[in-house]
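Letter by letter, the chains look like this.
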Amino acid sequence: TSGFKPPVGVIKALAKLCEDPRNMVYVVSGDAQENVESAIGHIPGLGLAASNGVCFSPPTKDSQMKREWHAFDLGVDWDEVKKVVLPVMSKYTARTNGSFIKLTHSSIGWSYYSCDPEWGALQASHLVLELEKDLRAFDVRFVTLKGVIELVPRRLNKGLIVKKVLRDVAARNGGGRSGVDFILCMGDDISDEKMFTSVFSFIAEMEEDSKNVIPSPPVLGDDAHVISTLGYLAHDGDAHMEEATPTTQKEEDASTFAFTVAVGKKASHASQYVNDATDVANLLVSMSNVDMSNDDMCWNNQGTGAEVFA
């Protein structure tokens, strides 16, 4: 997202889908929560997840309501990690023209995308080697993207928020297959593969005894205190956390329709694909049944880095 807003038509479609109280719609992004909230945080009923899903804001009923943000506790003291990492990254930034450091809720990125390709890649490899020695005491890992080295908690992936949302909806609606009857999950990045596999994992959970299901990580509130372990966040004017089991036994007479969709034809865990972001926009518009003009569907930027999960 990086603060860019999607086409007007997509915003209208998302708003329309969120109007139905039976729907739960989330947009999952790798960007910082400020950018995600600036771009689409005004849509009532839309859930947001930023920093690859580590922090999330449940749906709001009113566009004027201040969003509440929560975060998974992944067992890493990020302030201590920063004390180790930032001085080293600053050193490499000073010697690599065009590079910069990017901070989000629970990630530290070093971008050399705009640098001389050979020099940038060489410095990135040296940076990783130096930091690996200094970070042995922390449960973190490096993610290598095009022109970016990113440090994240080892347990972090977008599948965490997907599974939590599905469990919350199932618990809210009484559990079992009657709790979730339709899933649509779309994404265009390698990091979105965990979203797809989490959808399949959730469906498999319906066959299991809830005692055998691994719960989602604890959730931290704005004050950094744990507010949930197995519970789900219920918004009824006053936000609170209720205890609920992740899933319950399936109902034999109920069905769940799940569609995982990769954006772009490529090797993927997704069961379907669409060609590009325009197809995603058109699908959302068709599902919402809103009227659009050609101008409403104009993309001002490509590769927004946001994924739709409904």
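In this text the structure is predicted, and so the values were computed from the model without any measurement.

## Thoughts on the overall build of the chain
When helices and strands are tallied, the chain shows seven helices and 16 strands. Looking at the chain as a whole, 47% of its 310 residues qualify as buried. For the chain, contacts bridging at least 24 residues in sequence account for 60% of all contacts bridging at least 6. Surface accessibility of the chain: about 15,400 Å² in total, with carbon and sulfur atoms responsible for 51%.

## Quick look at the nonpolar core
In this structure, I40, L46, I161, V180, F202 and L284 are the most contacted members of the largest nonpolar core, which totals 56 residues. Ranked by the residues each element gives to this core, the list is headed by helix α5 (residues 159–172), at seven residues. Core analysis: the next-biggest nonpolar cluster, separate from the first, contains 19 residues, V81, I108, Y112 and I149 among them.

## A few points about the pattern of salt bridges
The full count for this structure, using the stated rule, is ten salt bridges. D192 is paired through a salt bridge with K158; the nearest N and O atoms lie 2.8 Å apart. Note that D192 is positioned in the loop between β9 (182–187) and α6 (193–205) and K158 in the loop between β8 (148–153) and α5, a separation of 34 residues in sequence. The burial state of D192 is the same as that of K158; both residues are buried. Across the salt bridge formed by E205 and K163, the nearest N and O atoms sit 3.7 Å from each other.

## Comments concerning the side chain of S106
Topologically, S106 is positioned in the loop between β5 (100–104) and β6 (107–111). When its relative accessible area of 9% is taken as the criterion, S106 is described as buried. Within the structure, the side chain of S106 is placed 2.8 Å from the side chain of H105, a separation counted as a polar contact.

Conventions adopted
All chains use their own residue numbering, which begins from 1 and follows the written sequence. Whole-chain, interface and lining totals are the exception, using all residues; otherwise, since this is a predicted model, local features are given only for residues with pLDDT of at least 70 and side-chain atom pairs are given and counted only at 80 or more. As a rule here, side-chain values come from all non-hydrogen atoms in the structure, and water together with hydrogens is ignored. Where helices and strands are cited, they refer to DSSP runs of H or I of at least four residues and of E of at least two residues respectively, numbered from the N terminus. The buried label goes to any residue with under 20% of its type's maximum accessible area, the exposed label to any with over 50%, and the partly exposed label to all in between, with areas taken from a 1.4 Å probe on protein chains only. In what follows, a contact means two residues having at least one pair of non-hydrogen atoms within 4.5 Å. Here the Shrake-Rupley method, with its probe set to 1.4 Å, supplies the accessible areas, and only the displayed protein chains count as covering residues. For this analysis, a nonpolar core means a set of buried residues of the types Ala, Val, Leu, Ile, Met, Phe, Trp, Tyr and Cys, connected via side-chain atoms within 4.5 Å. When a carboxyl oxygen of Asp or Glu lies within 4 Å of a side-chain nitrogen of Lys or Arg, that pair is called a salt bridge. A 3.5 Å cut-off defines polar contacts: any pair of N or O atoms within that distance qualifies, except that in protein one atom must be a possible hydrogen donor and the other a possible acceptor, and neighbouring residues in sequence count only when both atoms are side-chain atoms.

Function-wise, these values are silent; they only describe arrangement.
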